[in-house]
Number of protein chains: 2
Amino acid sequence: MFAFIRSSVVTHSLFAGAVQGSKVRAPGASALLRHYHKPSRTASFKTLTKDDLEHFKSILPAETILATPAVGGSSDPIELEGFNADWLNKYRGNSQLVLRPKTTQEVSDILKYCNAQGIAVVPQGGNTGLVGGSVPVHDEVILSLRNMSRVRNYDELSGVLVCDAGCVLEELGNYVGERDHIMPLDLGAKGSCHIGGNVATNAGGIRFLRYGSLHGSVLGLEVVLPDGTILDNLSTLRKDNTGYDLKQLFIGSEGSLGVITGVSVITPQRSSAVNVTVLGVTSYENVQRAFVLARKRCGEILSAYEFWDATCMGAVLHHQSLKNPLSAEFPFYVLIETSGSNKDHDDEKMGGLLEELLEEGIVEDGALAQDDSQIARMWTMREGIPESLGKTGATYKYDVSIPIPVLYDIVGDIAKRLESAQLYKPGESGLPVKLVCGYGHIGDGNLHLNIVAEKFEDRVADIFEPYVYEWVKSHRGSISAEHGVGLMKRDHLEYSKSPEMIAYMKRMKEVFDPKGILNPYKVV
Amino acid sequence: MFAFIRSSVVTHSLFAGAVQGSKVRAPGASALLRHYHKPSRTASFKTLTKDDLEHFKSILPAETILATPAVGGSSDPIELEGFNADWLNKYRGNSQLVLRPKTTQEVSDILKYCNAQGIAVVPQGGNTGLVGGSVPVHDEVILSLRNMSRVRNYDELSGVLVCDAGCVLEELGNYVGERDHIMPLDLGAKGSCHIGGNVATNAGGIRFLRYGSLHGSVLGLEVVLPDGTILDNLSTLRKDNTGYDLKQLFIGSEGSLGVITGVSVITPQRSSAVNVTVLGVTSYENVQRAFVLARKRCGEILSAYEFWDATCMGAVLHHQSLKNPLSAEFPFYVLIETSGSNKDHDDEKMGGLLEELLEEGIVEDGALAQDDSQIARMWTMREGIPESLGKTGATYKYDVSIPIPVLYDIVGDIAKRLESAQLYKPGESGLPVKLVCGYGHIGDGNLHLNIVAEKFEDRVADIFEPYVYEWVKSHRGSISAEHGVGLMKRDHLEYSKSPEMIAYMKRMKEVFDPKGILNPYKVV
């Protein structure tokens, strides 16, 4: 047995107000709304009429339709507000019609009609995206999947779950958890996001390191194409090499090729033993060295390796009413999670790792969670960061993949550029930029770069955009690691993809959505 | 510490002639050649002329071209034999020209010319496929990737390997093994198969259970399209959500959409501790029960769970000069492999599992390998099965995915049908069918059903084809779990895919290969 390392003590009282999985709008967010580039409305898209509404009423139950008087309905536009804007309130559309079908056939009927009529549609899951992908740009019909939230089948022998696209990730986690399994992905928005949206955006998250990409764990999809065709590829087989794996195209297509209505996914066995530690580290180099050692010592039980910098820690401790479990402040913090089938073995591996990290001087201090509530609180320190930054000010968010050795360099570079422009000075208030910070998934080479400003304004953004994209391109990185393209990065694809690749992406769009009615203005 | 369970002893002397990874032609195979359905030659494909050969000579070094006198060259047709026929000698084409380019640019130049001229091309890797996918059907030009076998880059921190498509899997395994990593896939043909072919066929194999599908572990591809376009998507990033993931389409497309020339793949950390056990089991039900228990007790260190029946065991013991390491014969045998980072922990987990399996009466007897050579020999018992059956007679091979509970039922059903037709009786010789047997990857729901006959003949095949496909369809299985479609199953796709899915597969073919010159007559 081993206890806390050094003298750090993590107790209940140090933590309060855990927000794991919650979703809070930024205060006064609407005032912060940045004037992002909004493409012109495609003139050929039909403007909705009362006749269209009548048609939808003929194919859907009344309670599944929200229509404003503008299209002949009686819903107060305020009821559509949560569908029209994203949760950061950065992107906002002006849809007058929300449809919430309950069956795949209804989705098919809706799309078939819209395709025939030339009516644009934006599919929407939990609307937790960060790139404006799930809200309308203009007056697109919002097709919400939230009424499709049924588990269709679960096979405990194979661990294969088949469910509707509108199932909330956390609820699925609870469902399979009761059956001794876990979902292969987990992310901060789990309390709101839908599995269909996760698949449509190829969500990554904190279990990626262990369980890999959805391209590997999704076994099958049911997808409705714009013309109403239902593509039934809802296989529950782990192996199926009968022709081209079309479902892969829809994973990460952000609702622009078809509407995912059903998902089949393999769920891993739940580990009976989980350990979580938070470590204080004095340099980014040591963050990397600790990662190499963690992979070596913990190998197969390593299930998460996350890091964040001191600036993030300051924000999260302040806004989540948490206290630093370590004895001092550090430039970097690392969270390591292990999960395995034997508590004694895992404790020994984790203990050995921590001892070695301290002996080698790679880590200065650390705290090891002693029970589930401490584990949850440590995770809040990591998962509470986005919300805490959002509470601090107008947050510019970049989600990039960069080779691990230079991953954190971009944070310093951006800070320097802002300092040179006299928009920012670390520790100083009253300037347009309050914070420049980074956190993310080291093991995946995935950094979340955040710049927190007083407000969204072009003189600030111009300093780091397109500079961020150029920087990432020069290191052969990706300008979107896991958040996707959406509206935000549609015009920036060329920083990460060749002209030939983009040309063939457009061909895919033409094949599946020749009229371009699905999630227009986005992705490609 | 724990030693062998029961009194079984595995020693060096019990094993001889290991064939892991070797490739031997079936004896007298050409005499066994089955008259498979050969589609007519597409009349519009150009027949090669001397001018074409001259052109290829202008873009390729002379030593990379094999051309028979029929097309103006001087190679003896016998030199092309190994390229024209598959290793089981079941499928055979009549190509007069083999091109073995050394660079991606050369591949591009070849395809551009062939596309413009309407010359059909079959891409070929290690030519170890089982469905006739890698050999010409008629006179297609053979584009062999074997001269492209260079490791381009390896990053030990992230474990990302970038290499040419023509690298042999086993050699890559050795390369990354020296750097403390392993390839995420492994299969019997590893000594010959190419990584490009593995990706093109979405190969599964024995590590699938632990490391999952190539759709998850392949990070990037370099692909040459029929018109010569080089699609550079050779990303080394674990996460990259910038647009549609086009590379996924080429994984499992069997060379019919483009020619894979480069592969980027994530390689897992090598485990320092490996344990392998072979168990004797009295029923298929207990094979399943042992699997459930193995997942529970060994969890994260379980790296393989294979099974085979007594018939397979008989063949492999005979042809590989091995002796049964167990004290008796059993209806089923199971091989369990664990790999982890701590030998003591793994021994304890494996020991606990074996004890429980014996106590519960799930397993009757077992042997635990005590060193690397015993591990290799136990694997030979499993991996030597295909070759041993091939030596026994003309082998009909089916590779199917079926829900685990009914997975083995198909073997008994086929045997009964053959008995009813008086073509087979277990244990009796002199009948047209010698053996009906099954083996495979339980954890993946993947069965290899084999029927060994005196010779390939229609009165035998008609008993189980299309019956096998109908059987699989009725259980919502896949008629090709990991071997692919190739020529063999092109006309049977509808057993596992809907008409809509097949229609969209054909659209994909039209987009990437509008003239249909790449690997014609196959897949879709």
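As the structure is a computational prediction, the values presented were derived from the model and not from experiment.

Definitions and cut-offs
- All residue numbers refer to position in the chain's written sequence, counted from 1.
- Working convention: letters from A go to chains and numbers from 1 go to ligands, in the order in which they are written.
- For a predicted model such as this one, the threshold for reporting local features is a pLDDT of at least 70, and the threshold for listing and counting side-chain atom pairs is 80 or more; totals across whole chains, interfaces and linings nevertheless cover every residue.
- Heavy atoms throughout the structure, all of them, feed into the side-chain values; hydrogens and water do not.
- Each helix is a run of DSSP H or I of at least 4 residues and each strand a run of E of at least 2, with the numbering of both proceeding from the N terminus.
- In this description the radius of gyration comes from C-alpha coordinates, and the expected globular size is given by 2.2 Å times residues to the power 0.38.
- Categorising residues by exposure relies on relative accessible area from a 1.4 Å probe, with only protein chains included: less than 20% of the type maximum marks a residue as buried, more than 50% marks it as exposed, and the intermediate range marks it as partly exposed.
- Residue contacts are defined here by distance: any two heavy atoms, one from each residue, within 4.5 Å place the two residues in contact.
- For the accessible areas, the method is Shrake-Rupley and the probe is 1.4 Å, while residue cover comes only from the protein chains on display.
- A positive count includes Lys and Arg, and a negative count includes Asp and Glu. His and the chain ends are not counted in either.
- Charge placement uses NZ in Lys and CZ in Arg. For Asp and Glu, CG and CD serve respectively.
- In this document the domain limits rely on a domain assignment from an automatic tool or a database.
- In these notes, a set of buried Ala, Val, Leu, Ile, Met, Phe, Trp, Tyr and Cys residues joined through side-chain atoms within 4.5 Å is what counts as a nonpolar core.
- The rule for pairing is simple: two strands pair if DSSP sees at least two bridges between them.
- Every axis corresponds to a line fitted to the C-alpha atoms, with the helix fit spanning only the stretch in contact, and the corresponding angles, defined between N-to-C directions, vary from 0 to 180 degrees.
- The span expected for a helix works out to 1.5 Å for each residue beyond the first.
- The directions from the helix axis to the C-beta atoms form the arc being described.
- When the copies are superposed, the least-squares fit takes in the C-alpha atoms of residues with a pLDDT of at least 70 in both.
- Note on definitions: the grid is 1 Å and covers protein atoms alone; a cavity is a set of points where a 1.4 Å probe fits but cannot get out; a pocket is an open set with protein on both sides within 12 Å along at least five of seven lines; lining residues have an atom within 4 Å of a point.
- Grid points are joined across faces, edges and corners, and a volume is the space filled by probe spheres set on the points.
- Residue classes follow a fixed rule: Ala, Val, Leu, Ile, Met, Phe, Trp, Tyr, Cys and Pro count as nonpolar, while Asp, Glu, Lys and Arg count as charged, and any other residue, Gly among them, counts as polar.
- Each Phe, Tyr or Trp ring, with Trp reduced to its six-membered ring, pairs with another whose centre is within 6.5 Å; inter-plane angles below 30 degrees give stacked pairs, above 60 give edge-to-face pairs, and intermediate values give tilted ones.
- Criterion for a charge above a ring: Arg CZ or Lys NZ at most 6 Å from the ring centre, at most 35 degrees from the ring normal.
- Candidate patch residues must exceed 30% relative accessible area and have no salt bridge, after which like charges are joined if within 9 Å and Val, Leu, Ile, Met, Phe, Trp or Tyr side chains if within 5 Å.
- A pairing counts as a salt bridge when a side-chain nitrogen of Lys or Arg comes within 4 Å of a carboxyl oxygen of Asp or Glu.
- If an angle is under 35 degrees, it is roughly parallel; if it is over 145, roughly antiparallel; if it lies from 65 to 115, roughly perpendicular; otherwise it is oblique.
- Summed over both partners, the accessible area lost on bringing two parts together, with a 1.4 Å probe, is the buried area.
- Within 3.5 Å is the distance limit for a polar contact, defined as a pair of N or O atoms, with the added protein rule that one can donate a hydrogen and the other accept it, and that residues adjacent in sequence qualify only through two side-chain atoms.

Engineer: In this structure, what is going on with the overall build of chain A? I would like to understand it.
Structural biologist: The helix and strand inventory of chain A stands at 18 helices and 16 strands. The globule rule puts the C-alpha radius of gyration for 524 residues at 24 Å, and the 23 Å found for chain A is close to it. The C-alpha extent of chain A, read off along each of the three principal axes, is 70 × 60 × 45 Å. In chain A, buried positions account for 66% of the 524 residues. Within chain A, contacts between residues at least 6 apart in sequence are counted, and of these 75% link residues at least 24 apart. Total accessible area on chain A is roughly 18,000 Å²; 49% of this is exposed by carbon and sulfur atoms. Taken as two groups, the 52 positive and 64 negative side-chain charges of chain A have centres that lie 4 Å from each other.

Engineer: I'm lost on the domain arrangement of chain A in this one. Help?
Structural biologist: Size of an interface, as often reported, equals the accessible area lost when the parts are brought together. Segmentation of chain A into domains returns domain 1 (12-25 + 271-385), domain 2 (29-144), domain 3 (151-266) and domain 4 (393-488). Relative to domain 2 of chain A, the C-alpha centre of domain 1 of chain A lies at a distance of 41 Å.

Engineer: Just checking my understanding: could you explain the nonpolar core for this structure?
Structural biologist: Across soluble globular proteins, nonpolar side chains show a tendency to be buried alongside one another. Formed by 93 residues in total, the largest nonpolar core has its most connected members in Tyr305(B), Phe307(B), Ile410(B), Ile414(B), Leu418(B), Ile451(B) and Phe464(B). With seven residues, the top contributor of residues to this core is helix α10 (residues 284-298) of chain B. Beyond its immediate stretch of four places on either side in the chain, Ile451(B) contacts Ala394(B), Thr395(B), Tyr396(B), Tyr398(B), Ile414(B), Leu418(B), Val433(B), Leu435(B), Val436(B) and Phe464(B). Leu53(A), Ala120(A), Leu357(A) and Tyr398(A) belong to the second largest nonpolar core, which has 92 residues in total.

Engineer: It is not clear to me how the sheet that holds strand β2 (residues 97-99) of chain A should be interpreted in this structure. Could you clarify?
Structural biologist: Strand pairing in a sheet takes place through backbone hydrogen bonds and is either antiparallel or parallel in direction. Residue and element names in this part refer to chain A. Within the open sheet, the four strands sit side by side as β1-β2-β4-β3. Their pairing is mixed. Of all the strands in the sheet, the pair left with one neighbour each is β1 (65-67) and β3 (121-124). For this sheet, the mean angle separating the axes of adjacent strands, direction not counted, is 15°. One ladder, built from three bridges, connects β1 with β2; its direction is antiparallel. Of the residues in β2, the one forming a bridge with Leu66 is Val98. Along the sheet, helix α4 (residues 104-117) contacts β2, β3 and β4 (141-144); its crossing angle with β4, the most-contacted strand, is approximately 160°.

Engineer: I'm lost on helix α13 (residues 372-383) of chain B in this one. Help?
Structural biologist: One turn of an α-helix holds 3.6 residues; hence residues three or four places apart share an orientation. With 12 residues, α13(B) extends 16 Å between its outermost C-alpha atoms, agreeing within 8% with the 16 Å of an ideal straight helix rising 1.5 Å per residue. Taken together, the buried positions of α13(B) are Ser373(B), Gln374(B), Ile375(B), Met378(B), Trp379(B), Thr380(B), Met381(B), Arg382(B) and Glu383(B).

Engineer: I would appreciate a short explanation of the side chain of His492(B) in the present structure.
Structural biologist: Structurally, the position occupied by His492(B) is in the loop between α17 (467-474) and α18 (499-512). Setting aside residues no more than four positions away along its own chain, His492(B) makes contact with Glu465(B), Tyr469(B) and Ile479(B).

Engineer: Can you walk me through helix α5 (residues 169-177) of chain B in this structure?
Structural biologist: Residue and element names in this part refer to chain B. Buried within α5 are the following residues: Leu169, Leu172, Val176 and Gly177. Seen along its axis, α5 keeps its buried residues to an arc of 135°; they face one direction. Residues of α5 that are buried make contact with β5 (151-155), β6 (160-164) and α6 (195-200).

Engineer: Can you help me understand the relation of the copies chain A and chain B in this one?
Structural biologist: The operation linking the two copies of the chain is a rotation about an axis combined with a translation along the axis. Mapping chain A onto chain B leaves a residual RMSD of 0.0 Å; the transformation is a rotation of 180° accompanied by 0.0 Å of translation along its axis. Such a combination of rotation and displacement between the chain copies is what one expects of a two-fold axis. Every residue of chain A has its C-alpha some distance from the rotation axis, and the shortest such distance is that of Gly216(A), at 2.1 Å. When the interface residues of chain A are mapped onto chain B, 100% of them are again interface residues, pointing to one common binding face.

Engineer: Help me out: how do you make sense of the layout of surface pockets in this one?
Structural biologist: Picture a little ball the size of a water molecule; that probe, rolled over the atoms, points out where space is still empty. Residue and element names in this part refer to chain B. One number sums up the size of the second largest pocket: a volume of about 900 Å³. Contributing elements (two or more residues each) for the lining of the second largest pocket: α5, β11 (302-309), β12 (332-340) and α13. Looking at the lining of the second largest pocket, its residues break down into 11 nonpolar, nine polar and eight charged. Both domains that meet at the lining of the second largest pocket, namely domain 1 (12-25 + 271-385) and domain 2 (151-266), each give it at least three residues.

Engineer: Please explain the packing of aromatic side chains as it appears in this structure.
Structural biologist: Aromatic ring pairs are reported here in terms of the distance separating the ring centres and the angle at which the planes meet. Counting across every chain of the model gives 38 aromatic pairs over all chains. Looking at Arg417(A), its charged tip hangs above the ring of Tyr467(A), at a distance of 3.8 Å from the centre. Of note, Arg179(B) hangs over the ring of Tyr175(B), and the distance from its end group to the ring centre comes to 3.8 Å.

Engineer: Is there a simple way to think about a negative patch on the surface in this case?
Structural biologist: There is a patch of like negative charges on the surface, built from Asp344(A), Glu348(A), Asp344(B) and Glu348(B). With respect to the helices and strands, Glu348(B) occurs in helix α12 (residues 343-359).

Engineer: What is the right way to read the pattern of salt bridges from this model?
Structural biologist: For side chains of opposite charge, pairing can occur when their charged atoms come near one another. Counting across every chain of the model gives 47 salt bridges over all chains. Notably, a salt bridge pairs Glu222(A) with Arg152(A), separated by 3.0 Å at the nearest N-O pair. Of this pair, Glu222(A) sits in strand β7 (residues 218-224) while Arg152(A) sits in strand β5 (residues 151-155), and the two are 70 residues apart along the sequence. Under the relative-accessibility criterion, Arg152(A) is labelled partly exposed at 25%. Glu306(B) is paired through a salt bridge with Arg382(B); the nearest N and O atoms lie 2.7 Å apart.

Engineer: What exactly am I supposed to notice about the packing of helix α12 (residues 343-359) of chain A against α12(B) here?
Structural biologist: Angle between the axes and distance between the axes: these two values describe a pair of packed helices. The N-to-C vectors of α12(A) and α12(B) enclose an angle of 175°; their axes lie 11 Å apart at closest approach. By the angle class used here, α12(A) and α12(B) are roughly antiparallel. Residues His345(A), Glu348(A) and Lys349(A) of α12(A) lie in contact with α12(B), whose contacting residues are His345(B), Glu348(B) and Lys349(B). Along the lines of polarity and charge, the residues of the contact of α12(A) with α12(B) split into no nonpolar, two polar and four charged.

Engineer: What's the story with the interface of chain A and chain B in this structure? I'm lost.
Structural biologist: With 89 residues of chain A at the contact, the number on the chain B side is 89 residues. At the boundary of chain A with chain B, total buried surface from both sides reaches about 7,100 Å², with 58% on carbon and sulfur atoms. When the area that chain A buries against chain B is broken down by residue, the three leading residues are Lys239(A), Asn241(A) and Tyr244(A), summing to 15%. On the surface where chain A and chain B come into contact, there are 38 residue pairs in polar contact (both at pLDDT 80 or more). Secondary structure elements with two or more residues in the side of chain A that touches chain B: α7 (208-211), α8 (214-217), β8 (230-233), α9 (247-250), α10 (284-298), α12 and α18 (499-512) of chain A. Grouping the constituent residues of the side of chain A that touches chain B by class yields 30 nonpolar, 36 polar and 23 charged.

Engineer: Could you clarify how one ought to interpret the pairing of strand β15 (residues 433-441) of chain A in this entry?
Structural biologist: As a general feature of sheets, a regular strand has side chains that alternate between the two faces. All names here are of chain A. For β15, a buried count of eight out of nine residues is recorded, marking the element as mostly surrounded by other parts of the structure. With three bridges joining them, strand β11 (residues 302-309) and β15 adopt antiparallel strand pairing. Residue pairing in the sheet places Glu306 in a bridge with His441 of β15. Sheet topology places β15 next to strand β16 (residues 446-453); eight bridges connect them, and they run antiparallel. Counted as the bridge partner of Leu435 is Val452 from β16. The antiparallel hairpin formed by β15 and β16 contains four residues in its connecting segment, where Gly445 sits at a positive phi of about 65°.

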